[in-house]
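Fold and contact review
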Amino acid sequence: MSQEDIESMMKEKRTFDPPKEHSDKAYITSMEQYEEIYKRSMEDPDGFWAERSEELIHWFKKWDSVSDYDLHKPEVKWYVGGKTNIAYNCLDRHLENGRRNKAAIIWQGEPEEDVRVYTYQMLHTEVCRFANVLKSMGVKRGDRVSIYLPMVPELAVAMLACTRIGAVHSIVFAGFSAVSLQNRIQDCEAKVLVTADAVLRAGRTIPLKPNADEAMGKCPSVEKCVVVKRAGNEISMQDGRDVWWHEIMEDESISDECPYEEMDAEDTAFILYTSGSTGKPKGVVHTTGGYLTYVAHTTQWVFDVHDDDVYWCTADVGWITGHSYIVYGPLALGATSLMFEGVPSYPSPARFWKVVEKFKVNIFYTAPTVVRALMREGVEWTRKHDLSSLRILGSVGEPINPEAWMWYFKYIGNEKLPICDTWWQTETGGILISALPYATPLKPGSATKPMPGVDAAVVRADGTNANPNEGGHLVIKKPWPGILRGVYGDPERYKSTYFERFPGMYESGDGARVDDEGYFWIMGRLDDVINVSGHRMGTAEIESALVSHESVAEAAVVGMPHQVKGETIYAYVTLKSGVEETDDLRKELRAWVRNEIGAIATPEVLQFADGLPKTRSGKIMRRVLRKIAASKYDDFGDTSTLADPGVISDLIEGKKSLL
Ligand code: PRX
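None of the values given here were measured: they were computed from a predicted structure. (Residues numbered from 1 in each chain as written. Predicted model: local features only at pLDDT ≥ 70, side-chain atom pairs only at ≥ 80, totals over all residues. Heavy atoms only, no water.)

1. Topic: the overall build of the chain
Each helix and strand counted, the chain has 19 helices and 30 strands in total. Here the chain has a C-alpha radius of gyration of 24 Å; the compact-globule value for 659 residues is 26 Å, and the two agree. On the principal axes, the C-alpha backbone points of the chain span a range of 75 × 65 × 55 Å. Across the 659 residues of the chain, 62% fall into the buried class. Taking the contacts inside the chain whose residues are at least 6 apart along the sequence as the reference set, 71% of them involve residues at least 24 apart. Carbon and sulfur atoms make up 47% of the accessible area of the chain, which totals about 24800 Å². (Helix = DSSP H or I, 4+ residues; strand = E, 2+ residues; numbered from the N terminus. Rg over C-alpha atoms; globule rule 2.2 N^0.38 Å. Buried < 20%, exposed > 50% of the residue type's maximum accessible area, 1.4 Å probe, protein only. Contact = heavy atoms within 4.5 Å. Areas by Shrake-Rupley, 256 points an atom, 1.4 Å probe, with all protein chains shown as cover.)

2. A closer look at the site of the ligand
The ligand sits among 16 residues. The nearest are Asp 421, Thr 422, Thr 426, Arg 525 and Arg 536. Asp 421 places a polar side-chain atom, nitrogen or oxygen, 2.7 Å from a nitrogen atom of the ligand. Gln 425 is positioned such that a nitrogen or oxygen atom in its side chain is 2.9 Å from an oxygen atom of the ligand. In isolation the ligand offers 540 Å² of accessible surface; the protein chains occlude 96% of this area. Elements supplying a minimum of two residues to the shell around the ligand: strand S20 (419-422) and strand S25 (520-525). A breakdown of the residues in the shell around the ligand according to their chemical character gives five nonpolar, six polar and five charged. (Near = heavy atom within 4 Å. Polar contact = N/O pair within 3.5 Å; in protein donor to acceptor, adjacent residues only side chain to side chain. Nonpolar A, V, L, I, M, F, W, Y, C, P; charged D, E, K, R; others polar.)

3. Re the domain arrangement of the chain
Under the domain assignment used here, the chain contains domain 1 (14-513) and domain 2 (529-657). Inter-centroid distance (C-alpha atoms) of domain 1 to domain 2 is 32 Å. Between domain 1 and domain 2, the residue contacts involve 23 residues of the former and 22 residues of the latter. Summed over the shared surface of domain 1 and domain 2, the number is one salt bridge. Between Arg 536 and Glu 427 there is a salt bridge whose closest N-O contact spans 2.9 Å. In this assembly, domain 1 and domain 2 are joined by 13 residue pairs in polar contact (both at pLDDT 80 or more). For the side of domain 1 that touches domain 2, the elements supplying multiple residues, two or more each, are helix H7 (178-188) and helix H13 (368-377). (Domains from an automatic or database assignment. Salt bridge = Lys/Arg side-chain N within 4 Å of Asp/Glu carboxyl O.)

4. Observations regarding the sheet that holds S25
Strand order across the open sheet formed by four strands is S21-S22-S24-S25, with antiparallel pairing between neighbours. Pairing within the sheet leaves two strands with one partner each, and these edge strands are strand S21 (456-459) and S25. When the angles between neighbouring strand axes are averaged without regard to direction, this sheet yields 45 degrees. (Pairing = 2+ DSSP bridges. Axes fitted to C-alpha atoms, helices over the stretch in contact; angles between N-to-C directions.)

5. A closer look at the packing of helix H4 (residues 86-96) against helix H6 (residues 153-165)
Close contact between H4 and H6 brings their axes to 7 Å; oriented N to C, the two are set at 115 degrees. The two elements H4 and H6 cross, and the hand of that crossing is left-handed. Each of Ile 86, Ala 87, Tyr 88, Cys 90, Leu 91 and Asp 92 in H4 lies in contact with H6, whose residues at this interface are Leu 160, Thr 163 and Arg 164. For the contact of H4 with H6, the per-class residue count stands at six nonpolar, one polar and two charged. (Left-handed = near helix turned anticlockwise from the far one by under 90°.)

6. A closer look at the pattern of salt bridges
Counted by the stated rule, this structure contains 44 salt bridges. In this structure, Arg 164 engages Asp 92 in a salt bridge whose closest nitrogen and oxygen atoms are separated by 2.8 Å. Here Arg 164, found in helix H6, pairs with Asp 92, found in helix H4; they are 72 residues apart in sequence, far enough to count as distant. Assessed through its relative accessible area of 2%, Arg 164 is described here as buried. Close ionic contact of Lys 280 with Asp 187 constitutes a salt bridge, the shortest N to O distance being 3.2 Å. You can see Lys 280 sitting in the loop between strand S14 (268-274) and strand S15 (282-287) and its partner Asp 187 sitting in helix H7, a full 93 residues away along the chain.

7. Points about the layout of surface pockets
Empty space within the second largest pocket amounts to approximately 260 Å³. Along the walls of the second largest pocket sit 16 residues, with Ser 388, Leu 390, Asn 414, Lys 416 and Leu 417 positioned nearest its centre. (1 Å grid on protein atoms, 1.4 Å probe; cavity = no way out; pocket = protein on both sides within 12 Å on 5 of 7 lines; lining within 4 Å. Points joined across faces, edges and corners; volume = space filled by probe spheres on them.)

Dropping the structure here:
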């Protein structure tokens, strides 16, 4: 976050009461009720979580104990001994409870006329068929399946087919490059890859299968590849390995019925890779019973979803938000989830509002970067469509600055809809801090209060509690059912990243403060992770991509404040001696990173630097680099440990000559 944003949040004093309209149907209707539930959840967590799970989830066999954990080890288990199945909860039980013919997924493709509606019955059939396809390919319980798809319904079908048969899915966002896909497949040794011929985005056809081919060339674990035909572009299919989705799904030998596996509560459901401050992306592991309970619990209370609602989360299923709040949470509740392929700005900045009007969307969940981008286009776009169906607004991915909050409230919410600013992470499985729409008075820029069951706190570096309004580390002091259970294949990293610095607590990596009224204000990452348009990027990952180029000797990457994206990537690059600093090379290096990681990792600015500000022990002083990137040339703090203080003025010169 920029200094201006932090200052504007510190000054923010406005509050907005929750709406009365629709509150008669709401799950939680007052702060008194919230506080009572919260208190109970802290005093008797096992009782609270047992009740929530019994209410929301069907268990084939009840658990022996609700929780069993030791955060020092760390080891966390929920609903120990219980047996359930995620796909059963998202599909089968709704066939019996009156929702059989209800829309489970409404899919709006990028071209206006591309709409598909799947009832729960239809989705069930598709999922069973694809589960049988996977089985015919030799996929068994515990095997990994990588999924690299655009926002097409087959993505949800493939996920649910995996969880139905106990296979572990690992979804890779379709914007990632071949190299990123390859790393992720190799790490989890996936047996099958599900992909598509191309991605349709902003009117363009971006080939996807060539990336999959390149990756699979270096992934011997992949035996079969299923390809969804999205764009009809020319692609190559390898005999014996690649099959078309539509052909294999139509095969007469594939049955519409597929028994579900009775999974242990702690069996792994999926792996999702996310960036950290060091090294390569980590495979965050989520399990079955706790994750499912947690996403159903939060979807119900945060979005107050009822049976006749149309719920739309605009995220991509390639990120955790899509896993939890497009697919698993809404479907576990038997809700109607809108799945959208495309971007907010194409064919015009009215795109989202047109979709809201078309399907009479009631609950709308998006990211601050989208709000800021649309804000820049002007309010006239919001007025082209009828937004009166909307009841609840949500925000996720990064701090929402008060200006964007007010715009969202005023022009989309018509100054009356609650905005739930939801704070959480890939690792947390679901929302940890958020307003409850009909209970919590809102303060623009604050994620408000922890969800019932979540023991959130801000602590100092020594682990003691910070005072009100004192900034510190955001931690969670008790486990909740959706907490990650591991980093795939790397227990040491699991421990050191989340449980070492503050023994007995979960360390989020974010900074925050709590105000006098117990409201949380998230201040952004405290580590070397950059949040670009709500997407997490590790600086170390981008640096290692840069130094793998033959011309680069050294690189340092920092975040730079950006009006729409929140933060953007600023790279300082030292070239090998004798290599000339040219604009062409700058372009080449940016393209190199795009190719190594994906478009979202492309540095916005790339500055050549003869030297980097290093301490005498060789550590790069990133604080200095961040200030220069932000064009703040005063007050660099204590620079007495720098080996060569002259580097700073050279860097400032270099920065100025870039502008
Ligand atoms: O810094 C926080 C920021 O996004 C990080 C988590 O990123 P990721 O694992 O990709 O998950 C994104 C979707 C949940 C956090 O460490 N973040 C997420 N939501 C918010 C936020 N920062 C402030 N306010 C939020 N509502």
